[in-house]
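# Fold and geometry: a report
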Amino acid sequence: MSTLTITLCLTLTITLLSPWPCLGQTSQETGWRHQRVQAQEGQCDIRRLTATEPRRRIRAEGGVTEIWDAEDQQFRCAGVAALRHVIEPGGLFLPSYTNAPYLTYVVQGSGIQGVIMPGCPETYQSVSETTRQGRKGEGGEGRSVGDQHQKVVRIRKGDVIASPAGVVQWTYNDGDSAIISVTLLDMSNSQNQLDRNIRGFYLAGNPQRGEHGRQERRERSERGQRDSEEESSGHNILSGFDEELLAEAFGVDIETARKMQGRNDDRGNIIRVKRRGLKILSPELEEEEWEEQRGRRRYEDNGLEESICAMKFRHNIDKSSHTDIFDRNGGCASFLNSQNLPILKFLQLSAEKVVLNENAMMVPHWKINGHGIMYITRGSGRIQVVRDNGELVFDDRVQEGQLLVIPQNYVAMKKAEREGLEWVGFRTSNHPMISPLSGRLSIIKGIPEEVLMNSYDISREQTRRLKSSGRQEMTLFTPGRSRDPYSIV
(Lines give C-alpha, C1' and ligand atoms only; values in the text may rest on other atoms or scores of the structure.)
Protein backbone atom coordinates (compact mmCIF):
# COMPACT_ATOMS: atom_id res chain seq x y z
CA MET A 1 0.00 0.00 0.00
CA SER A 2 2.85 2.39 0.87
CA THR A 3 4.55 1.63 -2.45
CA LEU A 4 1.34 2.45 -4.37
CA THR A 5 0.96 5.70 -2.44
CA ILE A 6 4.53 6.78 -3.17
CA THR A 7 4.14 5.94 -6.86
CA LEU A 8 0.91 7.91 -7.17
CA CYS A 9 2.39 10.89 -5.34
CA LEU A 10 5.49 10.86 -7.53
CA THR A 11 3.43 10.67 -10.70
CA LEU A 12 1.19 13.49 -9.58
CA THR A 13 4.18 15.63 -8.60
CA ILE A 14 5.91 15.21 -11.97
CA THR A 15 2.64 15.94 -13.80
CA LEU A 16 2.07 19.15 -11.85
CA LEU A 17 5.65 20.39 -12.10
CA SER A 18 6.23 19.62 -15.75
CA PRO A 19 4.38 21.60 -18.42
CA TRP A 20 5.38 18.95 -20.95
CA PRO A 21 3.90 15.53 -21.61
CA CYS A 22 5.89 12.49 -20.54
CA LEU A 23 8.13 11.43 -23.38
CA GLY A 24 7.71 7.77 -22.62
CA GLN A 25 4.03 7.75 -23.50
CA THR A 26 2.61 7.40 -26.96
CA SER A 27 1.72 10.42 -29.06
CA GLN A 28 -1.99 9.60 -28.90
CA GLU A 29 -1.89 9.47 -25.09
CA THR A 30 -0.07 12.78 -24.64
CA GLY A 31 -1.11 14.86 -27.61
CA TRP A 32 2.32 14.90 -29.23
CA ARG A 33 0.66 14.16 -32.55
CA HIS A 34 -0.49 17.68 -33.31
CA GLN A 35 -2.93 18.17 -36.16
CA ARG A 36 -2.73 21.31 -38.24
CA VAL A 37 -5.81 23.48 -38.48
CA GLN A 38 -7.19 23.14 -41.98
CA ALA A 39 -7.25 26.20 -44.21
CA GLN A 40 -10.65 27.69 -44.86
CA GLU A 41 -12.37 26.74 -48.07
CA GLY A 42 -10.92 28.56 -51.05
CA GLN A 43 -7.73 29.76 -49.34
CA CYS A 44 -5.61 27.16 -51.12
CA ASP A 45 -7.28 27.54 -54.51
CA ILE A 46 -4.24 29.50 -55.59
CA ARG A 47 -3.99 30.50 -59.24
CA ARG A 48 -0.96 32.71 -58.85
CA LEU A 49 2.07 32.51 -56.57
CA THR A 50 4.53 35.35 -56.05
CA ALA A 51 8.05 35.56 -54.65
CA THR A 52 7.71 38.21 -51.97
CA GLU A 53 9.83 40.39 -49.73
CA PRO A 54 8.89 41.83 -46.32
CA ARG A 55 6.10 44.37 -46.45
CA ARG A 56 6.62 46.18 -43.16
CA ARG A 57 9.77 47.35 -41.43
CA ILE A 58 10.01 48.16 -37.72
CA ARG A 59 13.11 50.00 -36.58
CA ALA A 60 14.40 49.54 -33.02
CA GLU A 61 17.42 50.92 -31.20
CA GLY A 62 19.59 47.86 -31.85
CA GLY A 63 18.19 46.45 -35.08
CA VAL A 64 15.28 45.95 -37.45
CA THR A 65 12.31 43.59 -37.66
CA GLU A 66 10.81 42.98 -41.10
CA ILE A 67 7.44 41.30 -41.55
CA TRP A 68 5.93 39.55 -44.55
CA ASP A 69 2.26 40.19 -45.32
CA ALA A 70 0.42 37.44 -43.43
CA GLU A 71 -2.79 38.34 -45.29
CA ASP A 72 -1.28 37.20 -48.59
CA GLN A 73 -3.29 34.26 -49.92
CA GLN A 74 -0.30 31.94 -50.19
CA PHE A 75 0.57 32.53 -46.52
CA ARG A 76 -3.05 32.04 -45.47
CA CYS A 77 -3.17 28.77 -47.43
CA ALA A 78 -0.03 27.41 -45.80
CA GLY A 79 -1.11 28.75 -42.40
CA VAL A 80 2.26 30.38 -41.79
CA ALA A 81 3.81 33.79 -41.17
CA ALA A 82 7.37 35.01 -41.66
CA LEU A 83 9.71 37.52 -40.03
CA ARG A 84 13.26 38.66 -40.62
CA HIS A 85 15.36 40.09 -37.80
CA VAL A 86 18.54 42.12 -38.13
CA ILE A 87 20.36 42.40 -34.79
CA GLU A 88 23.24 44.85 -34.92
CA PRO A 89 26.51 44.27 -33.01
CA GLY A 90 25.82 44.81 -29.32
CA GLY A 91 22.09 44.35 -29.92
CA LEU A 92 19.85 42.32 -27.60
CA PHE A 93 16.56 40.89 -28.86
CA LEU A 94 14.44 41.14 -25.75
CA PRO A 95 13.09 38.00 -24.01
CA SER A 96 9.77 37.09 -25.57
CA TYR A 97 7.53 34.25 -26.68
CA THR A 98 4.97 33.80 -29.43
CA ASN A 99 1.55 32.21 -29.83
CA ALA A 100 2.82 29.70 -32.42
CA PRO A 101 5.82 27.35 -32.76
CA TYR A 102 8.53 28.46 -35.13
CA LEU A 103 11.85 27.72 -36.79
CA THR A 104 14.58 30.33 -37.15
CA TYR A 105 17.43 30.07 -39.65
CA VAL A 106 20.56 32.16 -39.05
CA VAL A 107 21.51 33.64 -42.43
CA GLN A 108 24.60 35.47 -41.20
CA GLY A 109 26.44 36.40 -38.03
CA SER A 110 26.92 34.78 -34.64
CA GLY A 111 25.79 35.42 -31.08
CA ILE A 112 24.35 33.96 -27.91
CA GLN A 113 20.90 32.40 -27.62
CA GLY A 114 18.93 31.65 -24.49
CA VAL A 115 15.94 29.30 -24.30
CA ILE A 116 14.07 29.38 -20.99
CA MET A 117 12.26 26.13 -20.30
CA PRO A 118 9.61 26.31 -17.54
CA GLY A 119 10.29 23.89 -14.71
CA CYS A 120 13.98 23.38 -15.54
CA PRO A 121 16.78 24.30 -13.10
CA GLU A 122 19.35 27.07 -13.54
CA THR A 123 22.27 24.79 -14.33
CA TYR A 124 24.72 27.58 -15.21
CA GLN A 125 26.32 29.15 -12.14
CA SER A 126 29.08 31.73 -12.17
CA VAL A 127 31.54 32.38 -9.37
CA SER A 128 31.69 35.89 -7.93
CA GLU A 129 34.94 37.81 -7.71
CA THR A 130 34.82 37.76 -3.90
CA THR A 131 34.51 33.97 -3.96
CA ARG A 132 37.60 33.58 -6.14
CA GLN A 133 39.66 35.93 -4.01
CA GLY A 134 38.54 34.13 -0.87
CA ARG A 135 39.45 30.76 -2.36
CA LYS A 136 42.88 31.94 -3.49
CA GLY A 137 43.69 33.83 -0.29
CA GLU A 138 45.07 32.05 2.73
CA GLY A 139 42.17 32.73 5.04
CA GLY A 140 39.43 33.37 2.48
CA GLU A 141 36.15 31.57 2.87
CA GLY A 142 33.65 33.06 0.41
CA ARG A 143 31.29 30.42 -0.99
CA SER A 144 28.57 32.60 -2.49
CA VAL A 145 27.51 31.93 -6.06
CA GLY A 146 27.25 34.71 -8.64
CA ASP A 147 24.56 34.68 -11.31
CA GLN A 148 22.52 31.55 -12.01
CA HIS A 149 20.58 30.99 -15.22
CA GLN A 150 19.46 28.32 -17.63
CA LYS A 151 21.63 27.05 -20.44
CA VAL A 152 22.79 29.39 -23.21
CA VAL A 153 24.22 28.32 -26.56
CA ARG A 154 26.38 29.86 -29.22
CA ILE A 155 24.51 30.38 -32.51
CA ARG A 156 26.12 30.95 -35.89
CA LYS A 157 25.41 31.01 -39.60
CA GLY A 158 23.53 27.89 -40.70
CA ASP A 159 21.87 27.17 -37.36
CA VAL A 160 18.20 26.23 -37.31
CA ILE A 161 16.64 27.06 -33.94
CA ALA A 162 13.32 25.49 -32.93
CA SER A 163 10.90 26.93 -30.42
CA PRO A 164 7.53 25.71 -29.13
CA ALA A 165 4.73 28.20 -28.60
CA GLY A 166 4.97 30.06 -25.29
CA VAL A 167 8.66 29.33 -24.64
CA VAL A 168 10.80 32.40 -23.90
CA GLN A 169 13.89 33.05 -26.02
CA TRP A 170 16.37 35.91 -26.29
CA THR A 171 19.33 36.63 -28.56
CA TYR A 172 22.44 38.76 -28.06
CA ASN A 173 24.88 39.76 -30.79
CA ASP A 174 28.39 39.74 -29.32
CA GLY A 175 30.03 39.67 -32.74
CA ASP A 176 31.38 42.32 -35.11
CA SER A 177 28.73 41.94 -37.81
CA ALA A 178 24.94 41.95 -37.82
CA ILE A 179 22.96 38.78 -37.12
CA ILE A 180 20.39 38.26 -39.87
CA SER A 181 17.81 35.55 -39.31
CA VAL A 182 14.56 34.51 -40.95
CA THR A 183 11.76 32.98 -38.86
CA LEU A 184 8.85 30.83 -40.05
CA LEU A 185 5.89 30.65 -37.64
CA ASP A 186 3.35 27.83 -38.02
CA MET A 187 0.16 29.75 -37.23
CA SER A 188 -2.05 26.72 -38.06
CA ASN A 189 -0.33 24.46 -35.56
CA SER A 190 -2.60 23.23 -32.78
CA GLN A 191 -0.22 24.75 -30.22
CA ASN A 192 -1.67 28.09 -31.31
CA GLN A 193 -5.21 28.32 -29.97
CA LEU A 194 -5.60 32.09 -30.33
CA ASP A 195 -5.78 33.15 -33.98
CA ARG A 196 -3.57 33.34 -37.06
CA ASN A 197 -2.09 36.72 -36.20
CA ILE A 198 1.51 36.95 -35.02
CA ARG A 199 1.45 37.80 -31.34
CA GLY A 200 4.75 38.56 -29.66
CA PHE A 201 4.60 38.53 -25.86
CA TYR A 202 7.56 40.53 -24.55
CA LEU A 203 8.81 40.29 -20.98
CA ALA A 204 10.61 43.62 -21.13
CA GLY A 205 10.83 46.89 -23.02
CA ASN A 206 8.18 48.70 -24.99
CA PRO A 207 8.10 46.99 -28.40
CA GLN A 208 6.70 49.09 -31.19
CA ARG A 209 3.29 48.30 -32.54
CA GLY A 210 2.88 46.47 -35.82
CA GLU A 211 3.66 42.81 -35.13
CA HIS A 212 0.02 41.81 -34.72
CA GLY A 213 -0.76 42.38 -38.39
CA ARG A 214 -3.45 44.17 -40.26
CA GLN A 215 -6.20 41.84 -39.04
CA GLU A 216 -5.90 43.05 -35.44
CA ARG A 217 -5.87 46.68 -36.56
CA ARG A 218 -8.99 46.05 -38.61
CA GLU A 219 -10.66 44.47 -35.57
CA ARG A 220 -9.78 47.54 -33.51
CA SER A 221 -11.27 49.78 -36.17
CA GLU A 222 -14.47 47.73 -36.23
CA ARG A 223 -14.73 48.08 -32.44
CA GLY A 224 -14.40 51.86 -32.81
CA GLN A 225 -11.17 52.15 -30.87
CA ARG A 226 -9.09 55.27 -31.44
CA ASP A 227 -5.65 55.35 -33.02
CA SER A 228 -4.15 56.39 -29.69
CA GLU A 229 -5.30 53.09 -28.19
CA GLU A 230 -3.65 51.24 -31.06
CA GLU A 231 -0.42 53.16 -30.43
CA SER A 232 -0.41 51.94 -26.82
CA SER A 233 -0.71 48.27 -27.81
CA GLY A 234 3.06 47.78 -28.01
CA HIS A 235 3.91 47.44 -24.31
CA ASN A 236 5.35 44.36 -22.63
CA ILE A 237 3.14 41.94 -20.72
CA LEU A 238 4.06 43.40 -17.31
CA SER A 239 2.91 46.90 -18.19
CA GLY A 240 -0.77 46.06 -17.77
CA PHE A 241 -0.52 45.10 -14.10
CA ASP A 242 -0.87 47.43 -11.16
CA GLU A 243 2.64 48.52 -10.20
CA GLU A 244 2.11 47.94 -6.49
CA LEU A 245 0.80 44.42 -7.04
CA LEU A 246 3.68 43.77 -9.45
CA ALA A 247 6.22 44.96 -6.88
CA GLU A 248 4.65 42.71 -4.26
CA ALA A 249 4.60 39.70 -6.60
CA PHE A 250 8.33 40.01 -7.38
CA GLY A 251 9.42 41.29 -3.97
CA VAL A 252 10.94 44.48 -5.39
CA ASP A 253 10.42 48.20 -4.81
CA ILE A 254 8.00 50.36 -6.82
CA GLU A 255 10.77 51.96 -8.87
CA THR A 256 12.02 48.56 -10.04
CA ALA A 257 8.46 47.50 -10.89
CA ARG A 258 8.01 50.61 -13.01
CA LYS A 259 11.26 49.90 -14.82
CA MET A 260 10.06 46.36 -15.51
CA GLN A 261 6.87 47.71 -17.04
CA GLY A 262 8.88 49.83 -19.46
CA ARG A 263 6.12 52.29 -20.21
CA ASN A 264 8.57 55.07 -21.03
CA ASP A 265 11.07 52.83 -22.80
CA ASP A 266 11.28 53.80 -26.48
CA ARG A 267 14.11 51.45 -27.55
CA GLY A 268 11.86 48.91 -29.26
CA ASN A 269 12.14 45.13 -29.26
CA ILE A 270 15.89 45.10 -30.03
CA ILE A 271 17.94 47.24 -27.65
CA ARG A 272 21.58 48.23 -27.61
CA VAL A 273 23.48 46.78 -24.65
CA LYS A 274 25.50 49.20 -22.57
CA ARG A 275 28.40 48.66 -20.17
CA ARG A 276 30.69 46.99 -22.72
CA GLY A 277 28.45 44.08 -23.54
CA LEU A 278 26.79 41.26 -21.64
CA LYS A 279 28.74 39.12 -19.23
CA ILE A 280 27.08 35.72 -19.47
CA LEU A 281 28.38 32.35 -18.37
CA SER A 282 28.71 29.99 -21.30
CA PRO A 283 30.77 26.88 -22.13
CA GLU A 284 33.29 29.16 -23.83
CA LEU A 285 34.19 30.89 -20.56
CA GLU A 286 37.02 29.82 -18.32
CA GLU A 287 37.16 26.17 -17.39
CA GLU A 288 37.59 26.98 -13.71
CA GLU A 289 34.10 28.43 -13.46
CA TRP A 290 32.62 25.46 -15.29
CA GLU A 291 34.29 22.96 -12.96
CA GLU A 292 33.15 25.00 -9.99
CA GLN A 293 29.58 24.90 -11.23
CA ARG A 294 29.73 21.12 -11.74
CA GLY A 295 31.03 20.57 -8.24
CA ARG A 296 28.29 22.68 -6.67
CA ARG A 297 25.24 21.00 -8.20
CA ARG A 298 22.51 20.60 -5.59
CA TYR A 299 20.34 18.12 -7.41
CA GLU A 300 20.52 14.68 -8.92
CA ASP A 301 19.68 13.90 -12.54
CA ASN A 302 16.16 12.66 -13.10
CA GLY A 303 13.91 11.86 -16.03
CA LEU A 304 12.58 15.40 -16.40
CA GLU A 305 16.02 16.97 -16.68
CA GLU A 306 17.35 14.25 -18.97
CA SER A 307 14.44 14.57 -21.42
CA ILE A 308 13.03 18.09 -21.51
CA CYS A 309 15.72 20.21 -19.89
CA ALA A 310 18.50 18.62 -21.95
CA MET A 311 16.55 18.67 -25.21
CA LYS A 312 18.35 20.13 -28.23
CA PHE A 313 16.81 23.17 -29.87
CA ARG A 314 19.57 23.90 -32.37
CA HIS A 315 21.10 22.14 -35.36
CA ASN A 316 23.50 23.53 -37.96
CA ILE A 317 22.21 22.62 -41.38
CA ASP A 318 25.10 24.26 -43.27
CA LYS A 319 27.81 21.92 -42.02
CA SER A 320 29.32 19.79 -44.74
CA SER A 321 29.23 16.80 -42.39
CA HIS A 322 25.43 17.09 -42.33
CA THR A 323 25.07 16.88 -46.12
CA ASP A 324 22.57 14.22 -47.24
CA ILE A 325 22.84 14.60 -51.02
CA PHE A 326 26.00 15.67 -52.87
CA ASP A 327 26.71 16.00 -56.56
CA ARG A 328 29.93 17.72 -57.58
CA ASN A 329 28.28 19.27 -60.62
CA GLY A 330 24.76 19.72 -59.34
CA GLY A 331 25.18 20.84 -55.73
CA CYS A 332 24.19 19.54 -52.31
CA ALA A 333 21.25 19.30 -49.93
CA SER A 334 20.80 18.78 -46.19
CA PHE A 335 17.58 17.80 -44.46
CA LEU A 336 16.55 18.49 -40.88
CA ASN A 337 13.67 16.51 -39.42
CA SER A 338 12.59 14.78 -36.23
CA GLN A 339 15.25 12.10 -36.74
CA ASN A 340 18.18 14.46 -36.18
CA LEU A 341 16.35 17.08 -34.07
CA PRO A 342 13.69 15.25 -32.00
CA ILE A 343 11.86 18.40 -30.84
CA LEU A 344 10.58 18.77 -34.41
CA LYS A 345 8.28 15.83 -33.78
CA PHE A 346 6.54 17.96 -31.20
CA LEU A 347 6.48 21.06 -33.41
CA GLN A 348 5.50 19.18 -36.58
CA LEU A 349 8.02 21.23 -38.58
CA SER A 350 11.23 20.54 -40.51
CA ALA A 351 13.79 22.30 -42.70
CA GLU A 352 16.16 21.81 -45.60
CA LYS A 353 19.16 23.64 -47.06
CA VAL A 354 19.77 23.29 -50.80
CA VAL A 355 22.68 24.60 -52.85
CA LEU A 356 22.44 24.49 -56.65
CA ASN A 357 25.62 25.16 -58.57
CA GLU A 358 25.80 27.19 -61.76
CA ASN A 359 22.93 26.22 -64.12
CA ALA A 360 22.12 23.17 -62.00
CA MET A 361 18.57 21.90 -61.59
CA MET A 362 16.42 20.15 -59.03
CA VAL A 363 14.21 17.47 -60.57
CA PRO A 364 10.46 18.18 -60.80
CA HIS A 365 8.81 16.99 -57.60
CA TRP A 366 5.95 17.58 -55.19
CA LYS A 367 5.70 17.53 -51.42
CA ILE A 368 3.44 14.74 -50.25
CA ASN A 369 2.64 15.66 -46.66
CA GLY A 370 3.09 19.39 -46.17
CA HIS A 371 3.58 22.85 -47.58
CA GLY A 372 7.03 24.17 -48.48
CA ILE A 373 8.25 27.70 -47.81
CA MET A 374 11.60 28.58 -49.35
CA TYR A 375 13.73 31.61 -48.48
CA ILE A 376 16.48 32.49 -50.97
CA THR A 377 19.75 32.98 -49.09
CA ARG A 378 22.08 33.54 -52.06
CA GLY A 379 22.12 33.75 -55.86
CA SER A 380 19.23 33.65 -58.26
CA GLY A 381 17.34 31.22 -60.45
CA ARG A 382 14.13 30.33 -62.21
CA ILE A 383 11.30 28.38 -60.60
CA GLN A 384 8.16 26.96 -62.15
CA VAL A 385 5.20 25.68 -60.13
CA VAL A 386 2.18 23.83 -61.54
CA ARG A 387 -1.13 23.17 -59.77
CA ASP A 388 -3.55 20.24 -60.05
CA ASN A 389 -5.21 21.29 -63.35
CA GLY A 390 -1.88 21.77 -65.11
CA GLU A 391 -2.04 25.53 -64.76
CA LEU A 392 1.32 27.27 -64.33
CA VAL A 393 0.90 29.35 -61.16
CA PHE A 394 4.50 30.54 -60.91
CA ASP A 395 7.13 31.06 -63.59
CA ASP A 396 9.58 33.71 -62.55
CA ARG A 397 13.06 34.60 -61.41
CA VAL A 398 13.83 34.46 -57.69
CA GLN A 399 16.71 36.16 -55.88
CA GLU A 400 18.29 36.64 -52.48
CA GLY A 401 15.94 37.86 -49.76
CA GLN A 402 12.72 36.62 -51.37
CA LEU A 403 10.32 34.07 -49.95
CA LEU A 404 8.10 31.70 -51.94
CA VAL A 405 5.34 29.39 -50.70
CA ILE A 406 4.85 26.12 -52.60
CA PRO A 407 1.59 24.47 -51.52
CA GLN A 408 1.31 20.77 -50.80
CA ASN A 409 1.18 18.56 -53.93
CA TYR A 410 1.96 21.47 -56.30
CA VAL A 411 4.76 20.35 -58.67
CA ALA A 412 7.89 22.52 -58.68
CA MET A 413 11.02 22.66 -60.84
CA LYS A 414 14.01 24.85 -59.97
CA LYS A 415 17.05 25.91 -61.96
CA ALA A 416 19.98 28.07 -60.86
CA GLU A 417 21.47 30.88 -62.89
CA ARG A 418 25.18 31.61 -63.40
CA GLU A 419 25.88 32.59 -59.80
CA GLY A 420 24.07 29.54 -58.43
CA LEU A 421 21.02 29.36 -56.18
CA GLU A 422 20.79 28.63 -52.46
CA TRP A 423 17.78 28.48 -50.19
CA VAL A 424 16.57 27.31 -46.81
CA GLY A 425 13.22 25.54 -46.95
CA PHE A 426 10.71 25.19 -44.14
CA ARG A 427 8.20 22.33 -44.15
CA THR A 428 4.91 22.01 -42.27
CA SER A 429 5.63 18.36 -41.41
CA ASN A 430 8.19 16.88 -39.02
CA HIS A 431 9.08 14.08 -41.44
CA PRO A 432 8.43 15.45 -44.95
CA MET A 433 8.27 13.30 -48.04
CA ILE A 434 8.71 14.29 -51.66
CA SER A 435 7.80 12.47 -54.86
CA PRO A 436 10.23 13.13 -57.77
CA LEU A 437 9.01 12.92 -61.35
CA SER A 438 12.45 12.29 -62.82
CA GLY A 439 15.85 11.11 -61.61
CA ARG A 440 16.85 7.83 -59.99
CA LEU A 441 13.75 7.75 -57.76
CA SER A 442 11.32 8.82 -60.47
CA ILE A 443 7.82 7.51 -59.96
CA ILE A 444 7.70 6.97 -63.73
CA LYS A 445 10.09 4.05 -63.29
CA GLY A 446 7.68 2.40 -60.90
CA ILE A 447 4.80 2.34 -63.39
CA PRO A 448 4.42 -0.71 -65.67
CA GLU A 449 5.20 -0.28 -69.38
CA GLU A 450 1.65 -1.10 -70.45
CA VAL A 451 0.23 1.57 -68.19
CA LEU A 452 2.63 4.20 -69.53
CA MET A 453 2.05 3.18 -73.14
CA ASN A 454 -1.68 3.65 -72.83
CA SER A 455 -1.50 6.72 -70.61
CA TYR A 456 0.81 8.67 -72.92
CA ASP A 457 -0.25 6.95 -76.16
CA ILE A 458 3.35 6.10 -77.04
CA SER A 459 5.05 3.00 -78.42
CA ARG A 460 6.73 0.35 -76.32
CA GLU A 461 10.13 1.49 -77.55
CA GLN A 462 9.40 5.06 -76.48
CA THR A 463 8.17 3.80 -73.14
CA ARG A 464 11.30 1.77 -72.49
CA ARG A 465 13.46 4.72 -73.46
CA LEU A 466 11.46 6.90 -71.06
CA LYS A 467 12.00 4.47 -68.18
CA SER A 468 15.60 3.46 -68.87
CA SER A 469 17.27 6.57 -70.28
CA GLY A 470 16.09 8.98 -67.62
CA ARG A 471 18.52 10.80 -65.39
CA GLN A 472 20.33 8.71 -62.80
CA GLU A 473 20.96 11.46 -60.25
CA MET A 474 18.89 11.51 -57.08
CA THR A 475 17.46 15.04 -57.18
CA LEU A 476 20.22 17.48 -58.25
CA PHE A 477 21.94 17.59 -61.62
CA THR A 478 23.49 19.86 -64.25
CA PRO A 479 21.85 19.56 -67.70
CA GLY A 480 24.18 18.35 -70.43
CA ARG A 481 26.66 16.73 -68.05
CA SER A 482 27.00 13.07 -67.24
CA ARG A 483 26.61 11.88 -63.72
CA ASP A 484 29.58 12.64 -61.46
CA PRO A 485 31.16 9.33 -60.36
CA TYR A 486 31.99 10.99 -57.03
CA SER A 487 28.42 11.94 -56.27
CA ILE A 488 27.04 10.85 -52.92
CA VAL A 489 23.31 10.25 -52.78
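Cut-offs used in this document
The residue numbering used here restarts from 1 in each chain and proceeds along that chain's sequence as written. Residue-level local features of this predicted model are given only where pLDDT is at least 70; pairs of side-chain atoms are given and counted only at 80 or more, and the full residue set underlies all totals for whole chains, interfaces and linings. No hydrogens and no water enter the side-chain calculation; it runs on all heavy atoms of the structure. Using a 1.4 Å probe on the protein chains alone, a residue whose accessible area is under 20% of its type maximum counts as buried, one over 50% counts as exposed, and one in between counts as partly exposed. Numbering of helices and strands runs from the N terminus; a helix is a DSSP stretch of H or I covering at least four residues, while a strand is a stretch of E covering at least two. Being paired, for any two strands, means DSSP has found at least two bridges between them. By convention in these notes, a salt bridge is any Lys or Arg side-chain nitrogen within 4 Å of a carboxyl oxygen on Asp or Glu. Aromatic rings from Phe, Tyr and Trp, with only the six-membered ring used for Trp, were paired whenever their centres fell within 6.5 Å, and each pair was classed as stacked if the ring planes differed by under 30 degrees, edge-to-face if by over 60, and tilted otherwise. Confidence of the prediction at every residue is given by pLDDT, a number between 0 and 100. Note on definitions: a residue-residue contact is assigned when non-hydrogen atoms from the two residues lie within 4.5 Å. Axes here mean lines fitted to C-alpha atoms, for a helix over just the part in contact, with angles spanning 0 to 180 degrees between N-to-C directions. Roughly parallel refers to an angle under 35 degrees, roughly antiparallel to one over 145, roughly perpendicular to one between 65 and 115, and oblique to any angle outside these ranges. By the definition used in this description, the sense in which the near helix is turned from the far one sets the handedness, with an anticlockwise turn below a right angle giving left-handed and a clockwise turn giving right-handed. Three classes are used, and their members are as follows: Ala, Val, Leu, Ile, Met, Phe, Trp, Tyr, Cys and Pro are nonpolar, Asp, Glu, Lys and Arg are charged, and the others, Gly among them, are polar. Residues enter a nonpolar core if they are buried and are Ala, Val, Leu, Ile, Met, Phe, Trp, Tyr or Cys, with the set joined through side-chain atoms within 4.5 Å. Counting of polar contacts relies on pairs of N or O atoms within 3.5 Å, with two restrictions inside protein: one atom must be capable of donating a hydrogen and the other of accepting it, and residues adjacent in sequence are counted only when both atoms are side-chain atoms.

With that settled, consider the pairing of strand 11 (residues 168-172). With 5 of its 5 residues buried, strand 11 lies for the most part within the structure. Here strand 11 shows two buried faces, one formed by Val168, Trp170 and Tyr172 and the other by Gln169 and Thr171. Bridge count for strand 4 (residues 91-98) against strand 11 is 3 bridges, and the pairing is antiparallel. Residue Phe93 lies in a different strand from strand 11, and its bridge partner there is Thr171. Here strand 6 (residues 110-116) runs beside strand 11; their pairing, made up of 5 bridges, is antiparallel. What sits directly across from Gly114, in strand 11, is Trp170.

Moving on, we come to the pattern of salt bridges. Throughout the structure, instances matching the rule amount to 25 salt bridges. Asp174 serves as the salt-bridge partner of Arg154, at 2.8 Å between the closest nitrogen and oxygen. In this pair, Arg154 is assigned in strand 9 (residues 152-156) and Asp174 in the loop between strand 11 and strand 12 (179-186), connecting sequence segments 20 residues apart. The class for Asp174 is partly exposed, based on a relative accessible area of 34%. For Lys157, the salt bridge goes to Asp318, with nearest N and O atoms at 3.1 Å. Residue Lys157 is found in the loop between strand 9 and strand 10 (159-163), and its partner Asp318 is found in the loop between strand 15 (314-316) and strand 16 (325-327); the two are separated by 161 residues along the sequence. On the accessibility criterion, Lys157 (47% relative accessible area) is partly exposed. In this structure, a network of salt bridges that share partners links the residues Asp45, Arg47, Arg387, Asp388 and Glu391.

We now examine the packing of aromatic side chains. Inspection of every chain in the model, using the stated rule, returns 3 aromatic pairs. Judged by centre distance (6.0 Å) and plane angle (55°), the ring pair of Phe93 and Tyr202 falls under tilted. With a gap of 109 residues between them, Phe93 in strand 4 and Tyr202 in strand 13 (residues 200-202) connect regions that are remote in the sequence. Here the aromatic rings of Tyr97 and Phe201 are separated by 4.9 Å at their centres, their planes lie at 0°, and the arrangement is stacked. Of this pair, Tyr97 sits in strand 4 while Phe201 sits in strand 13, placing them 104 residues apart in sequence. Exposure remark for Tyr97: the relative accessible area of 22% places this residue in the partly exposed category.

Before going further, it helps to examine the confidence of the model for the protein chain. Overall, the predicted model of the protein chain reaches an average pLDDT of 78, with 72% of residues at or above 70. In this model residues 209-220 is a low-confidence stretch, pLDDT under 50, and it forms 36 contacts with partners more than four residues away in sequence or in other chains.

Moving on, we get to the packing of helix 12 (residues 449-456) against helix 13 (residues 460-468). Interhelical geometry of helix 12 versus helix 13 gives an angle of 110° and a closest axis separation of 9 Å. Between helix 12 and helix 13, the crossing angle belongs to the class labelled roughly perpendicular. For the pair helix 12 and helix 13, the sense of crossing is right-handed. In contact with Glu449, Glu450, Leu452, Met453 and Tyr456 of helix 12, helix 13 contributes Arg460, Thr463, Arg464, Leu466 and Lys467. Tallied by class, residues from the contact of helix 12 with helix 13 come to 4 nonpolar, 1 polar and 5 charged.

What follows concerns the packing of helix 7 (residues 243-250) against helix 8 (residues 254-261). Each packed pair of helices is defined by two parameters, the angle between the axes and the distance between the axes. Interhelical geometry of helix 7 versus helix 8 gives an angle of 105° and a closest axis separation of 9 Å. In terms of orientation, helix 7 lies roughly perpendicular with respect to helix 8. Residues Glu243, Glu244, Leu246, Ala247 and Phe250 of helix 7 touch helix 8, and the partners they reach there are Ile254, Ala257, Arg258, Met260 and Gln261. Here the residues of the contact of helix 7 with helix 8 sort into 6 nonpolar, 1 polar and 3 charged.

Taken in spatial order, the 7 strands line up as 1-2-3-12-5-10-15 in an open sheet, and their pairing is antiparallel. Each edge of the open sheet is held by one strand with a lone partner, namely strand 1 (56-60) and strand 15. Averaged over all neighbouring strand pairs, the angle between strand axes comes to 20°, with direction disregarded. As paired strands, strand 1 and strand 2 (residues 63-67) are joined by 5 bridges and run antiparallel to one another. What sits directly across from Ala60, in strand 2, is Gly63.

One finds Leu103, Tyr105, Val182, Leu347, Leu403 and Phe426 to be the most contacted residues of the largest nonpolar core, which totals 34 residues. Top element by residues in this core is helix 11 (residues 343-347). It accounts for 4 residues. Residues within four places of Leu403 in sequence aside, it is in contact with Thr50, Ala51, Thr52, Trp68, Phe75, Ala82, Ile373, Met374 and Tyr375. Core analysis: the next-biggest nonpolar cluster, separate from the first, contains 24 residues, Ala333, Leu356, Met362 and Ala416 among them.

Attention shifts here to the side chain of Asn189. Inspection of the secondary structure assignment puts Asn189 in the loop between strand 12 and strand 13. Only 3.0 Å separates the side chain of Asn189 from the backbone nitrogen of Gln191, close enough to count as a polar contact. Of note is the side chain of Asn189, whose polar atom sits 2.8 Å from the backbone oxygen of Leu347.

Tracing the backbone shows Asp72 in the loop between strand 2 and helix 3 (73-78). When near neighbours in sequence (up to four residues on either side) are disregarded, Asp72 contacts Thr50 and Thr52. Within the structure, the side chain of Asp72 is placed 3.0 Å from the backbone nitrogen of Gln74, a separation counted as a polar contact.

Looking now at helix 8. Of the residues that open helix 8, the one with a side-chain oxygen 3.3 Å from the backbone nitrogen of Glu255 is Asp253. Gly262 occupies a position one or two residues after helix 8 and carries a positive phi of about 60°.

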